[in-house]
Every structure is written in C-alpha cells, then in structure tokens.
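What follows is each chain in one-letter form.
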Amino acid sequence: MSTQIYNRVALIGLGLIASSMYWAIKRGGLVGEVTGYARSEATRDKAREIGLCDRVCVSAAEAVEGADLVVLCVPVGAMGPVMQEISGSLMPGATVSDVGSVKRNVIEAVQPHIPAGVHFVPAHPLAGTEHSGPESGFAELYDNRWCLLVPVEGSDPEAVANLRALWEGMGANVDEMDADHHDLVLAVTSHTPHLIAYTMVGVADDLRRVTDSEVIKYSAAGFRDFTRIAASDPTMWRDVFLSNKEATLEILGRFTEELFALQRAIRTGDGEHLHDYFTHTRAIRRGIIEAGQDTDAPDFGRGQAVATTSGQEK
Ligand SMILES: NC(=O)c1ccc[n+]([C@@H]2O[C@H](COP(=O)([O-])OP(=O)(O)OC[C@H]3O[C@@H](n4cnc5c(N)ncnc54)[C@H](O)[C@@H]3O)[C@@H](O)[C@H]2O)c1
Ligand SMILES: O=C(O)C(=O)C[C@]1(C(=O)O)C=C[C@@H](O)C=C1
C-alpha cells in the first residue's frame, strides 16, 4: 500500500533527473498530482507526448501554483534565476528543494529568493547516467542509491522529514550532509573524475587524428567507461565546474601532484614507487568490497580481497 506524501509536486526542468523522479513517484503512488515545466516548447510537447507529468504547464509560475513541494531540476547555473522567477507564485508553507550536483553555490543563489513562510531543503541524488532530456528518465534510477539532503540553517524539521520520505519512497537511501563537506566529497568522487574522463577522451581523440591509429575503435573496457562519462551533458558539467570551483581546483591540485610523482617514477624507472602505489590503491578497492559498500561489485572479487589483507600480492 502506498502512502501519499505531498498533494502536489512541481518539477521545474524536465530532464533526466526530473523525469526519473516522475516515474518513481508514479511507481510508488507518492503524490496526488505532479506538474511540470520546461522552458522550451519542444520539451513540453515531448513531455505531453510521453505522458511525463500529470500536467505540463506553459510557465514555471503556473506549475508551482498550489504545489506543496517544488523541485528545481535545472543545471546548477540556472537555479538562482529560476528561483527568482517562481518566488512570487509559491504557496505559503510550501517547500522548495533542488537536485543540483553542487550545494554551496546553489544555496547562495537560491536562498535569497525564498519568501518568508516557504521552506528550503536542498538535496542531491547520487544517481545519473550520461543521457539527458525528458525521454532519458526511468523509475529505477534512484533504487538503492544515495540521496543527500543538505538542510540550511533553520530548515523546518517537518519539511526535511517529508522530503526524506519522498526520496525513500522513490527507492533511495537518504543521508544528511553539510554543504561544504558535500562539495568537497563530490569533487573527489564525481566532479574531478568527470574532468579526467573528458580530458582522457580528448587526448585519445587528438592522438587518433595525429597518428591515424584506432585508439577509440579498439578501446578496452576502462577507456570505454571514460567515453560514456565524457558523453554527459556539456551544460550541466560546465555549470558544475564553475560552481564548485574551489573544491575542484583543490582536488585537481592534489591529483596533478600525484600524477607528476608517478610520471617521474616512470621516467626514472622507479618500479618500487609504482608497485607500492598500485598496491595501496588495490587495497583501497578491496577494502570497499569487503565492507560491502560497492553493491555493483561482482562476488568473485571477495575471496581475493580477503587473501590480500596479509599484504601478499599476487
Ligand atoms: N545527470 C546526472 O547524472 C545528475 C545526477 C544528479 C544530479 N544532477 C543535477 O540535476 C540537475 C538536472 O540535471 P539533468 O541530468 O536532469 O539535466 P537535463 O539536461 O537532462 O535536464 C535539464 C533541464 O533543465 C532545463 N533547463 C536548462 N537550462 C535552463 C534554464 N536556464 N531555465 C530553465 N530550464 C532550463 C532543460 O531544458 C532541461 O529540461 C542539474 O542541476 C544536475 O547537476 C544530475
Ligand atoms: O553514472 C553517471 O553517469 C554519473 O556520472 C552520475 C553522477 C556521478 O558522478 O556518479 C554524476 C553527477 C551527479 O551529480 C551524481 C551522479
């Protein structure tokens, strides 16, 4: 039996994240009515054609009217202007949330436009794909994935609890985190890896042009994963890097230091450095599997992981 958490939810921006939310909300019967708004007419027409949202509105103001939850699902650089646009149309007592990949910058852009009597509870589902747009969503996207809630000072506990219930109803595991800590953690786990993937695919493509070799055609699994990640939406990722500038630059600085040390070890033939480094990183991966924190990891990794705790690498 499903429990209805909100009477009306408005999704602003109808891409991968919003469309997956809609299908997950419907699957769980979590909300009375879901309204949606996208700024382009083509996206609104597509949404109507595929049955995305119970009602697709022609303005953001119309979509948020009477909504007890409004979720901003636009690129992080657009959050502030969109919030400003809807601020006069929000219902007293409503909650505004967002799904942006960066938190501090979004909070600074959105919070000044939150009217008195409206709650603000930022959030970030740690789930996605390289696809975007209204047709890319699916109900299972959030199943067993984390959604981080990043309450701001004075966030209403009931508003936080309701949003938690919605994300749990959509299949996610929910945790709370402070905005600055979120941005640093995500710079390590998501933002910098994306930048490295973009760079690596660019390098390989340059190489192909220069040597006419077939690096991409014959790419092995690791590189293929890079090309998948590097196919992610350019607008979204431009905004992520511009909005999480400090944390990304901090992690990139550390990354390049380590990279230079490895580069030097290769040039000077320092095999011990390379072996020690790779042994350390392997232990980290196996520790993650042993702790059961990677649900995607194949079972056959577990036995090996136990065997390496002695430090005897094969
Ligand atoms: N894709 C992921 O892997 C992922 C994961 C978690 C969170 N997020 C975050 O979710 C948000 C949405 O990402 P997505 O993957 O759904 O993107 P998407 O490109 O699939 O959809 C974005 C939507 O926002 C609309 N939009 C863009 N600029 C706008 C503007 N200036 N004003 C109004 N609408 C505008 C687009 O037309 C589109 O409907 C982003 O903030 C992103 O950082 C993305
Ligand atoms: O699986 C992917 O394609 C993703 O990149 C998803 C991913 C991630 O880095 O894990 C990307 C951005 C987000 O804000 C959250 C999730």
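Predicted model only: the values in this text are computed from it and were never measured.

**Q** Would you mind showing me how to read the site of ligand 2 here?
**A** The immediate surroundings of ligand 2 are formed by Ser101, His124, Pro125, Ala127, Gly128, Thr129, Glu130, Ser190, His194, Arg228, Met236 and Trp237. One nitrogen or oxygen atom from the side chain of His194 is found 3.1 Å from an oxygen atom belonging to ligand 2. One nitrogen or oxygen atom from the side chain of Arg228 is found 3.1 Å from an oxygen atom belonging to ligand 2. Contact with the protein chains covers 82% of the free accessible surface of ligand 2, which is 370 Å². Its residues placed into classes, the shell around ligand 2 shows four nonpolar, six polar and two charged. Both domains that meet at the shell around ligand 2, namely domain 1 (6-177) and domain 2 (181-308), each give it at least three residues.

**Q** When you look at the nonpolar core in this model, what are you seeing that I'm missing?
**A** Considering soluble globular proteins, one finds that nonpolar side chains tend to be buried as a cluster. Leu11, Met21, Leu166 and Trp167 are the most contacted members of the largest nonpolar core, which totals 38 residues. Looking at this core, the elements with two or more residues in it are β1 (6-12), α1 (16-28), β2 (31-37), β4 (69-72), β8 (146-149) and α6 (157-169). The leading source of residues in this core is α1, at seven residues. Excluding its chain neighbours within four sequence positions, the residues that come into contact with Leu11 are Ala18, Met21, Tyr22, Val34, Thr35, Gly36, Tyr37 and Val71.

**Q** Please explain the sheet that holds strand β9 (residues 173-176) as it appears in this structure.
**A** Adjacent strands of a sheet pair through backbone hydrogen bonds, lying either parallel or antiparallel. The mixed open sheet is built from three strands, whose spatial order is β7-β8-β9. Of all the strands in the sheet, the pair left with one neighbour each is β7 (123-125) and β9. In this sheet, neighbouring strand axes are inclined to one another by 20° on average, regardless of whether the strands run parallel or antiparallel. Of the strand pairs in this sheet, β8 and β9 are connected by four bridges, and their pairing is parallel. Note that in β9 the partner of Leu149 across the bridge is Glu176.

**Q** Where do I start with the sheet that holds strand β6 (residues 119-120) in this structure?
**A** In spatial order, the strands read β3-β2-β1-β4-β5-β6; together these six strands make up an open sheet with parallel pairing. Every other strand in the sheet has two partners, leaving β3 (55-56) and β6 as the edge strands with one partner each. Here α1 sits on the sheet and contacts β1, β2 and β4; the angle it forms with β2, its principal contact strand, is near 165°.

**Q** I would appreciate a short explanation of the UniProt feature "transmembrane region" (unreviewed entry) in the chain in the present structure.
**A** UniProt's entry tags residues 6-25 with the feature "transmembrane region" (unreviewed entry), counted in the numbering of this structure. Secondary structure over residues 6-25 splits into 50% helix and 35% strand, and the C-alpha atoms at its two ends are 10 Å apart.

**Q** How do you make sense of the site of ligand 1 when you look at a structure like this?
**A** What surrounds ligand 1 is a group of 24 residues, the closest being Leu16, Ile17, Val74, Ser101 and Gly133. Take Leu14: an N or O atom from its main chain is 3.1 Å from an oxygen atom of ligand 1. Within the backbone of Val74, a nitrogen or oxygen atom sits 2.7 Å from an oxygen atom of ligand 1. Summarising the interface, the protein chains cover 85% of the accessible area of ligand 1, which totals 830 Å² for the free molecule. Elements with a contribution of two residues or more to the shell around ligand 1: α1, α4 (79-86) and β7. Broken down by class, the residue content of the shell around ligand 1 amounts to 14 nonpolar, nine polar and one charged.

**Q** Sorry if this is basic, but what is going on with the domain arrangement of the chain here?
**A** Interface size is commonly expressed as the accessible area that is lost once the parts come together. As far as domains go, the chain holds domain 1 (6-177) and domain 2 (181-308). Each of domain 1 and domain 2 has a C-alpha centre, and the two are 30 Å apart. Of the residues lining the interface, 17 residues belong to domain 1; the matching set on domain 2 comes to 16 residues. Here domain 1 packs against domain 2, burying approximately 1,300 Å² in sum over the two surfaces, 63% of which is carbon and sulfur. Linking domain 1 to domain 2 there are one salt bridge.

Rules behind the numbers
Residues numbered from 1 in each chain as written. Chains lettered and ligands numbered in written order. Predicted model: local features only at pLDDT ≥ 70, side-chain atom pairs only at ≥ 80, totals over all residues. Heavy atoms only, no water. Near = heavy atom within 4 Å. Polar contact = N/O pair within 3.5 Å; in protein donor to acceptor, adjacent residues only side chain to side chain. Areas by Shrake-Rupley, 256 points an atom, 1.4 Å probe, with all protein chains shown as cover. Nonpolar A, V, L, I, M, F, W, Y, C, P; charged D, E, K, R; others polar. Domains from an automatic or database assignment. Core = buried A, V, L, I, M, F, W, Y, C linked by side-chain atoms within 4.5 Å. Buried < 20%, exposed > 50% of the residue type's maximum accessible area, 1.4 Å probe, protein only. Helix = DSSP H or I, 4+ residues; strand = E, 2+ residues; numbered from the N terminus. Contact = heavy atoms within 4.5 Å. Pairing = 2+ DSSP bridges. Axes fitted to C-alpha atoms, helices over the stretch in contact; angles between N-to-C directions. UniProt positions renumbered as here; feature names shortened; annotations may be inferred. Buried area = accessible area lost by both parts, 1.4 Å probe. Salt bridge = Lys/Arg side-chain N within 4 Å of Asp/Glu carboxyl O.

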